[in-house]
Amino acid sequence: MATMESLIGLVNRIQRACTALGDYGGGDEAFSSLWDALPSVAVVGGQSSGKSSVLESIVGRDFLPRGSGIVTRRPLVLQLQQTEDAKQEYAEFGHLPRRRFTDFSLVRQEIQDETDRVTGKSKMISPVPIHLSIYSPYVVNLTLIDLPGLTKVAVEGQQESIVEDIENMVRSYVEKPNSIILAISPANQDIATSDAIKLSREVDPSGERTFGVLTKLDLMDKGTNAVDVLEGRSYRLQHPWVGVVNRSQEDINKSVDMIVARRKEREYFATSPDYGHLASKMGSEYLAKLLSKHLETVIRARIPSITSLINKSIDELDAELDHLGRPVAVDAGAQLYTILELCRAFDRIFKEHLDGGRPGGDRVYGVFDNQLPAALRKLPFDRHLSLQNVKRVVSEADGYQPHLIAPEQGYRRLIEGSLNYFRGPAEASVDAVHFVLKELVRKSIGECQELKRFPSLQSAIAGASNEALERFREEGKKTVIRLVDMESSYLTVEFFRRLPQEFEKMGNPGGKPKENPRENSAAAPPLDRYGDGHFRRIGSNVSSYVNMVSETLRNSIPKAVVYCQVKEAKQNLLNHFYILIGKKEGKQLADLLDEDPTLMEKRLQYAKRLELYKKARDEIDSVSWVR
């Protein structure tokens, strides 16, 4: 059977664990939802309504800062945990998790100092909460949130928006459906003007979540009382009103013990002619028990939704940890295996880009289908084979003895000079594919989720890949230049064999051989081997041969580039890197697996959260809930 203390204690432990992870009030959406799903009590009231005194009465300790004007300038999340050790009573702050405070005057000073650290020594407010846990055998298990007192006007040193800022901050806590509202109102003021009641009515119009507390009953004018309010006739709530009598300023100045103050409070109600009939349901001790009992009821109702949220969060955190990657092993063998697996993961993505599984590989084909043909078309053959240049090259090739039939040396020089132009597009194709492959390496590293946690290994893989691509590029350039040089080193014979026949045709238009070459020599005009027409024909012949070679290279250059670069990149991109990795020692392997500190911290936080959720789930499952 689950006791009230075990239920509330469980929620308190989960809340404290969330607080220790910094998961209260924003940040991780799932954890904020968990906190919101856990019931807590928000203490609301106007300035000087007695909020601090009520909290101290519930705790039984004098630990809150006091003063005039706005004293509570940051939310104080106060988690009370009942202990079994009657001699042990201490406090811990969320921002000082390893320090125990046994002197509660130092707790008061630390609250003030921590407030000043965020807001400065001013009258400004901050929504950043202070987390304080108090462990004592004299408290009930409870989570209370002390909020800045509502005010109607800004005083000197405060911004004009302070009134609205405080109300918005308080509203953000009390409007949550799992928030229990402890509305503090002074009995010596008209309940109709109560700031706390006004706000609670707006966020909880049915009054299901609101507990009304009347303070300063002993300070009411003589002849008046608050019985109508306490009995629910002036303003009805679904939960009973509770009256409390706090320590007077004189008692505070004299440091009257809280135990003594509680005894005086009980005596006041027991002997009061106005409230004697209500004495059993009045006082701070009754209020603490009432809140704790109601909190236990709320927790019972919320357990299914809390369990569902915890299970959902566990699944999400498991998936996120899988996405981030589990912690790396410390032994060298496991580290080497991890590195090789990460390299293979990168290599798979790189191949997918080339093979079409991912975008980018089509850019290699774009080099062959667009850039290479465009570069070939732009080669300056018109200038090289112009009439003037053909004359010059042929004449220079003839030397002192003009050619007799076909200017073979002239042809060779013109062809070789033309073929040299193919070097540029050939090398440009190699470079273009090289840059495509480099970009695919970069993209593959960025898309490899497993690698993101290891920036050092990313750099090493990128460096090794780029070095390999440089080697492939050099081999590719050598190969395509060889293709061009091969075309220059051996010209197609058929092309030259055709030339004498063309000259014969030009000398004998009918094409029929003469029986006597000297016969009718006067009738046939001699062939002008040095006229413009002759040189134009030479240029035209060379152009035809160059076009034939261009078509050949247009097909062979892509083959060479793919063989030397793309195929090598697919098959052997990291081969040299694997050899180097195999020679590294444990420390060097560990350096490669040196994770990004941000990711390490993120994984650590997720692991802690996962542990928290699993522990919370186990605790919930281990409790036999009372039906």
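On a predicted model such as this, the values are computed, not experimentally measured, just so you know.

K.L.:
An account of empty space enclosed by the protein is needed here, citing residue identities and associated values.
P.N.:
On inspection of all chains with the given rule, the structure shows 3 cavities of 30 Å³ or more. Lining the largest cavity are 13 residues, and of these Pro65, Val71, Thr72, Arg73 and Ile111 sit closest to its centre. Broken down by class, the residue content of the lining of the largest cavity amounts to 6 nonpolar, 4 polar and 3 charged.

K.L.:
Report on helix 9 (residues 258–271), specifying residues and quantitative values.
P.N.:
Side chains that are three or four residues apart share a direction in an α-helix, a result of its 3.6 residues per turn. Taking 1.5 Å of rise per residue, 14 residues should cover 20 Å, and helix 9 covers 20 Å from first to last C-alpha, within 8% of that figure. Residues of helix 9 that are buried: Met258, Ala261, Arg262, Glu265 and Phe269. Taken down its axis, helix 9 places every buried residue within 100° of arc, on the same side. Within helix 9, the exposed residues directed more than 90 degrees away from the buried face are Ile259, Ala270 and Thr271. Buried residues along helix 9 sit against helix 3 (51–59), strand 9 (242–243) and helix 10 (284–324).

K.L.:
For the environment of Ile339, give the residues involved together with the corresponding values.
P.N.:
You can see Ile339 is positioned in helix 11 (residues 332–355). Remark: the alpha-carbon pair of Ile339 and Ala590, spanning 251 residues in sequence, is separated by 9.8 Å. Setting aside anything within four residues of it in sequence, one finds Ile339 in contact with Leu457, Ile581, Leu589, Leu592 and Leu593.

K.L.:
I'd like a description of the sheet that holds strand 9, backed by residues and values.
P.N.:
Here we have 9 strands laid out as an open sheet, ordered 4-3-5-2-6-1-7-8-9, and mixed in their pairing. Either end of the sheet is taken by a strand with one partner, and the two such strands are strand 4 (96–101) and strand 9. Two elements, strand 8 (residues 210–215) and strand 9, share 2 bridges in a ladder whose sense is parallel. Following the sheet pairing, Val213 is matched in strand 9 by Val242.

Analysis parameters
Along each chain, the written sequence defines residue order, and numbers are assigned to residues from 1. Per-residue local features of the predicted model are confined to residues with pLDDT of at least 70, and side-chain atom pairs are confined, for both listing and counting, to 80 or more; whole-chain, interface and lining totals are unaffected and use all residues. Where side-chain values are given, they derive from all heavy atoms of the structure, hydrogens and water being excluded. In this analysis the probe radius is 1.4 Å and the grid spacing 1 Å, with only protein atoms considered; a cavity is a set of points the probe fits into but cannot get out of, a pocket is an open set with protein on both sides within 12 Å along at least five of seven lines, and lining residues have an atom within 4 Å of a point. Grid points are joined across faces, edges and corners, and a volume is the space filled by probe spheres set on the points. Each residue receives one of three labels: charged for Asp, Glu, Lys and Arg, nonpolar for Ala, Val, Leu, Ile, Met, Phe, Trp, Tyr, Cys and Pro, and polar for the others, Gly being one of them. The secondary structure listing takes helices from DSSP runs of H or I that are at least 4 residues long and strands from runs of E that are at least 2 residues long, numbered from the N terminus. Expected span, for any helix, means 1.5 Å times one less than how many residues it has. Relative accessible area decides the class of each residue, using a 1.4 Å probe on protein chains only: under 20% of the type maximum gives buried, over 50% gives exposed, and in between gives partly exposed. For this quantity, the arc is that covered by the directions from the helix axis to the C-beta atoms. By the convention used here, residues are in contact when the closest approach between their heavy atoms is within 4.5 Å. At least two DSSP bridges between two strands are needed for those strands to be called paired.

Worth remembering: the numbers are spatial, not functional.
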